Amino acid sequence: MRKELRARIIEVCDKKIVAKGEDVGLSFYAFFKNKNDNPDELMEAATWWIQTHELDHFVKARKVKEMVQKGL
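Residues numbered from 1 in each chain as written. Predicted model: local features only at pLDDT ≥ 70, side-chain atom pairs only at ≥ 80, totals over all residues. Heavy atoms only, no water.

A.B. asks: Give a detailed account of the environment of Arg-6, specifying residues and quantitative values.
C.D. replies: Within the secondary structure layout, Arg-6 lies in helix α1 (residues 3–20). Each C-alpha atom of the pair Arg-6 and Gln-69 lies 8.0 Å from the other, and the pair is 63 residues apart in sequence. Setting aside anything within four residues of it in sequence, one finds Arg-6 in contact with Met-1, Val-68, Gly-71 and Leu-72. (Helix = DSSP H or I, 4+ residues; strand = E, 2+ residues; numbered from the N terminus. Contact = heavy atoms within 4.5 Å.)

Encoded structure:
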């Protein structure tokens, strides 16, 4: 996954955790604006989330952040 997307995922996870607490869940759509202005990056995130790691639709933000930080 590209460096910029990893950084955005960590940033969004941090914001969600601060706003809603340690147990907040999110989907990969949380990393994108409502307008699909970067379909390649959206597909990259979806592939990482769905095909590579077989994650559920909603996953704890702290888990996603840890996975990205570990380079998974």
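Text resumes after the structure shown.
A.B. asks: Explain the packing of aromatic side chains residue by residue, including any values.
C.D. replies: Scanning the model with the defined rule gives four aromatic pairs in all. Taking the centre distance of 6.1 Å and the plane angle of 55° together, the rings of Phe-28 and Trp-49 count as tilted. Here Trp-49 lies in helix α2 (residues 39–52) and Phe-28 lies in the loop between β1 (25–26) and α2, a separation of 21 residues in the sequence. Taking relative accessible area as the criterion, Phe-28 reaches 7% and is therefore assigned buried. Residue classification places Trp-49 among the buried residues on the basis of a relative accessible area of 1%. Among the aromatic side chains, those forming a connected cluster through ring pairs are Phe-28, Tyr-29, Phe-31, Trp-48 and Trp-49. (Phe/Tyr/Trp six-rings, centres within 6.5 Å; stacked < 30°, edge-to-face > 60°. Buried < 20%, exposed > 50% of the residue type's maximum accessible area, 1.4 Å probe, protein only.)

A.B. asks: Would you mind going over helix α3 (residues 61–69) in detail, with residue names and values included?
C.D. replies: Among the residues making up α3, those that are buried are Ala-61, Val-64, Lys-65, Met-67 and Val-68. All buried residues of α3 fall inside an arc of 160° around its axis, so they share one side. Taken together, the buried residues of α3 touch α1, β1, α2 and β2 (59–60). Where α3 ends, the next residue or the one after it, Gly-71, has phi of about 80°, a positive value. (Arc of directions from axis to C-beta.)

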